[in-house]
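The chain contents come next:
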Amino acid sequence: MSDALDAVLARVRDRVTPDDDERARLDGAVARLTEHTAAALDGLPVAADPLHVGSTARGTWLPGDRDIDLFVRFPPDLPRTDLERYGLAVGHEVLPDAHEEYAEHPYVVGEFDGFAVDLVPCYRVERASDIRSAVDRTPFHTRYLEARLDDALAGEVRLAKRFLDAIGVYGSDLRTRGFSGYLTELLVVEHGDFRSLVTAAADWHPPLEFDPESHGSRSFADPLTMVDPTDPGRNVAAVLSATNLARFQHYARDLLADPREALFTAESPVPLSADGVQRAVERRGTTPLAVRFDAPDIVDDQLYPQLEKSVSGIVTALDGQGFDVLRRAAFADDTAVLFLELAVARRPAIERHEGPPVAAREHAARFYETYADRDCDGPFVDGERYVVEREREYRTARAFLDAGVFEDVALGADIETALGEGYEVLEGDEIGALAEEFGTELAAYFSPSP
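Thresholds applied
Residues numbered from 1 in each chain as written. Predicted model: local features only at pLDDT ≥ 70, side-chain atom pairs only at ≥ 80, totals over all residues. Heavy atoms only, no water. Patch = residues over 30% accessible without salt bridge, like charges linked within 9 Å, V, L, I, M, F, W, Y side chains within 5 Å. Areas by Shrake-Rupley, 256 points an atom, 1.4 Å probe, with all protein chains shown as cover. Salt bridge = Lys/Arg side-chain N within 4 Å of Asp/Glu carboxyl O. Lys, Arg positive; Asp, Glu negative; His and termini not counted. Charge placed at Lys NZ, Arg CZ, Asp CG, Glu CD. Helix = DSSP H or I, 4+ residues; strand = E, 2+ residues; numbered from the N terminus. Buried < 20%, exposed > 50% of the residue type's maximum accessible area, 1.4 Å probe, protein only. Expected span 1.5 Å × (residues − 1). Contact = heavy atoms within 4.5 Å. Core = buried A, V, L, I, M, F, W, Y, C linked by side-chain atoms within 4.5 Å. Phe/Tyr/Trp six-rings, centres within 6.5 Å; stacked < 30°, edge-to-face > 60°. Pairing = 2+ DSSP bridges. Axes fitted to C-alpha atoms, helices over the stretch in contact; angles between N-to-C directions. 1 Å grid on protein atoms, 1.4 Å probe; cavity = no way out; pocket = protein on both sides within 12 Å on 5 of 7 lines; lining within 4 Å. Points joined across faces, edges and corners; volume = space filled by probe spheres on them. Nonpolar A, V, L, I, M, F, W, Y, C, P; charged D, E, K, R; others polar.

Trainee: Break down a negative patch on the surface for me, citing the residues and quoting the values.
Mentor: Negative charge collects at one region of the surface, where Asp-294, Asp-333, Asp-334 and Glu-421 lie side by side. Considering the arrangement of structural elements, one finds Asp-334 in the loop between strand S9 (325-332) and strand S10 (335-342). By relative accessible area, which is 64% here, Asp-334 ends up exposed.

This is the structure in structure tokens:
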């Protein structure tokens, strides 16, 4: 088995190593971009310098990646408004056809010599613990890893990145909630190579903690903690979900048990058609429900946490009404969907409502008097308590959602606004209408992989 795994890793390692021509194109583009940026900075009334950061600076980028991260470092005493203003001005001068995006503060995204470029302003602070903006840490990350990554170890990082990407757990965006590039690099450095990492991961028992510099200054409640070696109060793995950590463990064991190159190749499910969705629903014998509305015009890192909060809120509300939610999901493109699959979609006309123990005289009397003249069965004594059987307000989950109950549900702020502007509820076979926009997502939902 060891020989088989070594052979697989050797072949994949070759595939994930950029060739000399690709490296030369990248190096040339970085040099020209840095030169153009330095020239643009000369016109500013403050001293600033460009710095190449990220995976292309550390040699851990994968073939085909055409992303360059160039940071512009400004003096730490510069007001934030000036940092943003100068940073955007330089970005647009260097990347004339660029657009602006926003993390903690705005930055410029564009194209240069065929490469996608993020040109990001930050502060030039002495220590990562002195940061004034979250992005100020990034130059320290680059400096730390450049001192520890040689060509061989960079190759092991590329193996890890390709594996994590193929199994769907690579990326620290709030839609994925997976392994960031920096976390991946630190884990490989910690374990020495990719093979040692997956071997260790197969036996992990979360919660886990790694502290490369043995300087952690606080504890974390996350499933995996990687204390930032440049900032003792930060967990690099804070975004990583328990699900994606477990998924990594599953596939680590799978690779060790049955080494094969297929585990390093991402495979998207074949999108389901409307008929395919209907067959999946019939096979499962459940009742799917979907709340569909126009997706808010916000970035993914704002949208997906709000979608998760909203679908969780609806699950809580439905469970509180006696409808058993089997599984749930959320999708977004032009429209957004809160998707629920119910094991119980219809309840009896009546519901049981228990009162206090009869022995609790004051409370019991109040309960009895409240229901004595109402249109319900009871009150009667069952065991030690008064009980009534009253008419259920919503007999079906769809009726509950159609009634517009979202003001009583915990929702993301932008989702609540979007729902207030209109939505539709789809049930059962009607779910097939989602296939045109979300056929791939529905295929993954109805045929889940580990």
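Let us keep going from here.
Trainee: So what's going on with helix H1 (residues 2-15)? Residues and values would help.
Mentor: For H1, spanning 14 residues, the distance from its first C-alpha to its last is 20 Å, which sits close to the expected 20 Å at 1.5 Å a residue. Where the residues of H1 are buried, they touch helix H6 (151-166), helix H8 (194-201) and helix H9 (242-257).

Trainee: I'd like a rundown of the nonpolar core, residues and numbers included.
Mentor: Grouped together as the largest cluster of nonpolar side chains are 42 residues, with contacts concentrated most on Phe-163, Phe-179, Phe-194, Trp-204, Leu-224, Phe-248 and Phe-264. Secondary-structure elements contributing two or more residues to this core are H1, helix H5 (138-146), H6, helix H7 (181-191), H8, strand S6 (208-210), strand S7 (224-226) and H9. In terms of residues, this core owes the most to one element, H6, which gives 6 residues.

Trainee: Please set out the packing of aromatic side chains residue by residue, giving values where relevant.
Mentor: Under the defined criterion, the tally for this structure stands at 17 aromatic pairs. With centroids separated by 6.3 Å and ring planes inclined at 70 degrees, the aromatic side chains of Phe-163 and Phe-248 adopt a geometry described as edge-to-face. Of this pair, Phe-163 sits in helix H6 while Phe-248 sits in helix H9; the two residues are 85 residues apart in sequence, bridging distant segments of the chain. In this pair, the class of Phe-163 matches that of Phe-248, namely buried. Residues Tyr-368 and Tyr-386 carry aromatic rings whose centres are separated by 5.3 Å and whose planes lie at 50 degrees to one another, so their mutual orientation is tilted. Taken together, the positions of Tyr-368 in helix H12 (residues 361-371) and Tyr-386 in strand S13 (residues 385-391) put the pair 18 residues apart, joining distant regions of the chain.

Trainee: An account of the sheet that holds strand S3 (residues 99-102) is needed here, citing residue identities and associated values.
Mentor: An order of S1-S2-S5-S4-S3 is seen for the 5 strands of this open sheet, with the pairing classed as mixed. The open sheet terminates on both sides in strands that have one partner only, identified here as strand S1 (49-53) and S3. The sheet shows a mean angle of 30 degrees between the axes of neighbouring strands, taken without regard to direction. The pairing of S1 with strand S2 (residues 67-74) spans 5 bridges and is classified as antiparallel. Each bridged residue has a counterpart across the sheet, and for Val-53 the counterpart in S2 is Asp-69. Contacting S1, S2, strand S4 (106-112) and strand S5 (115-123), helix H2 (residues 20-41) crosses the sheet at an angle of about 25 degrees to S2. The sheet contacts of helix H4 (residues 80-94) involve S2, S3, S4 and S5, and relative to S5 the element is tilted by about 155 degrees.

Trainee: Could you give an account of the sheet that holds strand S14 (residues 424-427), with specific residues and numbers?
Mentor: Pairing within the open sheet is antiparallel, and its 4 strands lie in the order S9-S10-S8-S14. Each having just a single partner strand, S9 and S14 make up the two edges of the open sheet. If you compare each strand with its neighbour and ignore which way they point, the axes differ by 15 degrees on average. When strand S8 (residues 287-294) meets S10, the two strands line up antiparallel, connected through 8 bridges. Bridge pairing in S10 links Leu-289 to Leu-340.

Trainee: An account of the environment of Phe-400 is needed here, citing residue identities and associated values.
Mentor: With respect to the helices, strands and loops of the structure, Phe-400 is situated in helix H13 (residues 397-402). Through-space distance from the C-alpha of Phe-400 to that of Leu-318 is 8.0 Å; in sequence the pair is 82 residues apart.

Trainee: Describe empty space enclosed by the protein, with residues and values.
Mentor: Here the structure, examined in full by the defined rule, presents 1 cavity of 30 Å³ or more. The volume enclosed by the largest cavity comes to roughly 40 Å³. Residue classes in the lining of the largest cavity are distributed as 5 nonpolar, 1 polar and no charged.

Trainee: Provide a residue-level description of the pattern of salt bridges, including the pertinent values.
Mentor: One pass over the full model with this rule turns up 27 salt bridges. Among the salt bridges present, the one from Asp-113 reaches Arg-32, with a minimum N-O distance of 2.6 Å. With Asp-113 in the loop between S4 and S5 and Arg-32 in helix H2, the pair connects residues that are 81 residues apart, well separated along the chain. A residue is classified by how much of its surface remains accessible, and Asp-113, at 41% relative accessible area, is partly exposed. With its nearest N and O atoms 2.7 Å apart, the salt bridge here joins Arg-73 to Asp-49. Linking Arg-73 in strand S2 with Asp-49 in strand S1, this pair joins segments that are 24 residues apart in sequence.

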